[in-house]
Amino acid sequence: MLIRSTHWRRLLALLVAVLLVGAACGGGGDDGDGGDDSAANVATSTTNPDANAEPVTGGTLRYGIEADTSSPWTPANMVCAISCHMIAHSIYDPLTLANADGEVQPNLLESFDHNDDYSVWTLVAREGITFHDGTPFDADAIAFNIEADKASPLTGKAFAYIDTVESDGDMTVTVTAKGPWVSFPAFLTGQLGYQASPTWLQAVEAGTAQADEPVGTGAFVFESYEPGGVFAATANPDYWRTDAEGRPLPYLDAIEYVIQEQDQTRFNSLVSGETNIMHTSNGDTTNRIATEVENGTVEADQITNNLETGYVLLNVGDESLPTSDVRVRQALAYGFDYETRLQARSGGVPEIANGPFPPGTPGYLEDTGFPTYDPDKARELVEEYEAENGPIEIAYKTTTDEFNLVTAQLYQQFWEDIGIDVTLDQIQQGSFIGLALTGDFEAFGWRNHAGFDPDQQNIWWNSENGNPPPDFGLNFGRIRDDVIDENLDIIRTNPDAAARTEAAEAINRRFAEQVYNIWFEWPIWTIGHSPTVHNVLGGITEEGDPVLDVLGIGGAHQVSQIWIDESSGN
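What this report covers is the structure whose coordinates are included nearby.

What counts, and at which threshold
- Residues numbered from 1 in each chain as written.
- Predicted model: local features only at pLDDT ≥ 70, side-chain atom pairs only at ≥ 80, totals over all residues.
- Heavy atoms only, no water.
- Helix = DSSP H or I, 4+ residues; strand = E, 2+ residues; numbered from the N terminus.
- Rg over C-alpha atoms; globule rule 2.2 N^0.38 Å.
- Buried < 20%, exposed > 50% of the residue type's maximum accessible area, 1.4 Å probe, protein only.
- Contact = heavy atoms within 4.5 Å.
- Areas by Shrake-Rupley, 256 points an atom, 1.4 Å probe, with all protein chains shown as cover.
- Lys, Arg positive; Asp, Glu negative; His and termini not counted.
- Charge placed at Lys NZ, Arg CZ, Asp CG, Glu CD.
- Expected span 1.5 Å × (residues − 1).
- Polar contact = N/O pair within 3.5 Å; in protein donor to acceptor, adjacent residues only side chain to side chain.
- Axes fitted to C-alpha atoms, helices over the stretch in contact; angles between N-to-C directions.
- Parallel < 35°, antiparallel > 145°, perpendicular 65-115°, else oblique.
- Nonpolar A, V, L, I, M, F, W, Y, C, P; charged D, E, K, R; others polar.

### Some details on the overall build of the protein
Part 1 of the argument: Summing up its helical and strand segments, the protein has 14 helices and 20 strands in all.
Part 2 of the argument: For the protein, whose C-alpha radius of gyration is 23 Å, the value lies close to the compact-globule estimate of 25 Å for 570 residues.
Part 3 of the argument: Seen through its C-alpha atoms, the protein measures out along the principal axes to roughly 75 × 60 × 45 Å.
Part 4 of the argument: Evaluated residue by residue, the protein yields a buried proportion of 58% over its 570 residues.
Part 5 of the argument: Taking all contacts inside the protein whose residues are at least 6 apart in sequence as the whole, residues at least 24 apart take part in 72%.
Part 6 of the argument: Just so you have it, the protein exposes about 21800 Å², and 47% of that area is on carbon and sulfur atoms.
Part 7 of the argument: Charged side chains of the protein number 26 positive and 89 negative; the gap between the two group centres comes to 8 Å.

### Considering unusual backbone geometry
Part 1 of the argument: A cis amide bond links leucine 249 with the next residue in sequence, proline 250, at an omega value of 0°.
Part 2 of the argument: Structurally, proline 250 is set in the loop between strand 9 (230-235) and strand 10 (254-259).
Part 3 of the argument: The residue after proline 469, namely proline 470, is reached through a cis peptide bond having omega 5°.
Part 4 of the argument: With respect to the helices, strands and loops of the structure, proline 470 is situated in the loop between helix 12 (458-461) and helix 13 (482-493).

### Focus on the side chain of threonine 74
Part 1 of the argument: Within the fold, threonine 74 resides in the loop between strand 1 (60-65) and helix 2 (82-91).
Part 2 of the argument: Residues contacting threonine 74, with those up to four places away along its chain left out, are Tyr92, Trp200, Leu201, Val204 and Ala211.

### Focus on helix 3 (residues 139-151)
Part 1 of the argument: The end-to-end C-alpha distance of helix 3 is 18 Å, a good match for the 18 Å that 13 residues give at a rise of 1.5 Å each.
Part 2 of the argument: Ala139, Ala141, Ile142, Ala143, Asn145, Ile146 and Asp149 are the residues of helix 3 that are buried.
Part 3 of the argument: The elements touched by buried residues of helix 3 are strand 4 (109-114), strand 5 (120-125), strand 6 (162-167), strand 7 (172-177) and helix 4 (198-206).
Part 4 of the argument: Residue aspartate 138 occupies the N-cap position of helix 3, its side-chain oxygen lying 3.2 Å from the main-chain nitrogen of aspartate 140.

### Describing the packing of helix 3 against helix 4
Part 1 of the argument: In the contact formed by helix 3 and helix 4, the axes pass within 10 Å of each other and the chain directions differ by 40°. With respect to their mutual orientation, helix 3 and helix 4 come out oblique. Where helix 3 abuts helix 4, its residues Ala141, Phe144 and Asn145 lie against Pro198, Leu201 and Gln202.
Part 2 of the argument: Of the residues assigned to the contact of helix 3 with helix 4, the class counts are four nonpolar, two polar and no charged.

Below, the structure written as C-alpha cells:
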C-alpha cells in the first residue's frame, strides 16, 4: 500500500507536469485542459463532402510533416517512416493499390495474375507511361526495380522469397517465387512497389546523379530538397492518371513538405497559415485540432482503419540485455499503466491495444491474454529475476521532442515504481530507424505493423530477418520464435482465408505470452487542414474504388486528388 501511495503521489506530480507542458504548448490562449469531450470525433463522416464538388486547379500545398528522411530517395534504399512515404507517394507510383476493402488492384500495372499454386506471378505494365526523365515505363523498368530491391541490404530480405524475375523486353514480367506466395501483389502497394526511373537509378549508381533528387512516374516532379527544411515538387504535366471524370491530375501546381519534428510546431504553423495541412497521431494535438474545427478555423480528416500499433519496442535478441528474459518483459508489461498513459499522453483518443492486429484486421482477438496493469504481479517478477541476476537497468530512448520526453518520463515512473531502474536517452527522430535496423537499442516507443494482409508483417517478425546487431535486421526486436515462424509460413503459402486468419490469431497469442513488445494503443492519424484544402482523403484506384489510406505505412494518403479553393476559406 505504501508503494502504491508513493506511485500515485509521483504520478500526480508527473501528470501536473504533463498538463503544464500541454498548456505551455497550447499557444493561442488555449487553456490546455486536455479535455476529452472532443476526443477523436474529428470529421469522421464516412462520406467525402468533396466527392461531387468541382475541383479547382492551381495553388501550392504546404504540408507539415513530422520527420526528415536521412537516406537516399532511391526506393531500394529509403529508410522510410510516414513522412518519407508521403513524399515518396508524390514522386513515385506503386505497381498496385488496395481499395478500402483491402482488395489489391493494379495501378501502374495493367494486370497481374498467378499460376495454380501461387508460385509464379505475371505482371503486365500499363501502356503509355513515362518517368519524369522520359524513360519509358515497361517490363524492363519493373524488372530493374525489383532486382534493385532484391539486391538492397535494406529491402532485400523482404524480396528474398523471390527466385527469379524475367522481363519479356516489352510489357510483361514473370516473377517466380521460391514457393507459393498468396499475397505477393499486396507487397507492391508500398515501398517495394515504388517505381523509379532505371536511367536515374543507374546514374545515381555511377555517381552522375543525386540520390536525393528522385525521378518517378508520380503526380509531382522533384524541384528541390533542403535537409531538415523543405522538400518541394511541381505538378507533373504528363501525369498518366485522371480523376473519375477524366480530368487530369494533379489539381495542384506544387507541393511542399515542410519538416517540422515538433508536433506543436506543425499545429501552430497550420493555425497561423504558414502551412495549410499537417498530420499527427498525437492525441492531445488531435484534441486541439478538434477545438479549432469547432471554432471553424481548420478542418480535419481522420484515418482510423488498418493502422499501425503503438508500442514499446523491446530488443529481445541481445542476451546481454534484461529484455531478453521473458520475466523482465512481463514485469514491464504488468507495470505499465495503460489507462493513465492513454489519458495523459494520447488525450483519450485511441483504443488501448492488446496485440499487433487492430480491430477489423485478420488476427485481431478481443482477448489475447496480453498482460494488463498489475503492479504487484510486476514486482513479484522483478524480485524473482533480480534474485538470480541482480538489479534490472533499462535504457529507454526517446526523441528530442519535449512531448515525447515527458511521455518517456511517465514510462520511467511506471517502471521505477515496480523496482526497475530506467535511464532516458534523447536522440533525433530521424535516427530512430537506423538504431532499430542495427539493433542498437534496448527499448523505445514505436509505431508499426499497419496493413491489410497479415503476410505484410512477415518481414518484421520472421527469424530470418532478426540478424544479430550491428547487422541490418528488419526484425527490429530480433525475435526468433518457431511458433511465429510456422504461422507466418501458413499465412504466406495457404490460400484459405480461414487458415490464414487462424494463423494470425496464433501469432497474436504468442506475442501476448512472450511479451516481445508492450502494446499500448492503436493510433488514429488526424490530418488537419485549412478550410481551403479539399478532397484530402478522396483518392481512388484506377477501378474507381476509394483507396485504403495505408500507402506503405499507416496514415499515408494520396495527394494528387487534393485541390485548394481560396474562396472557401474564412
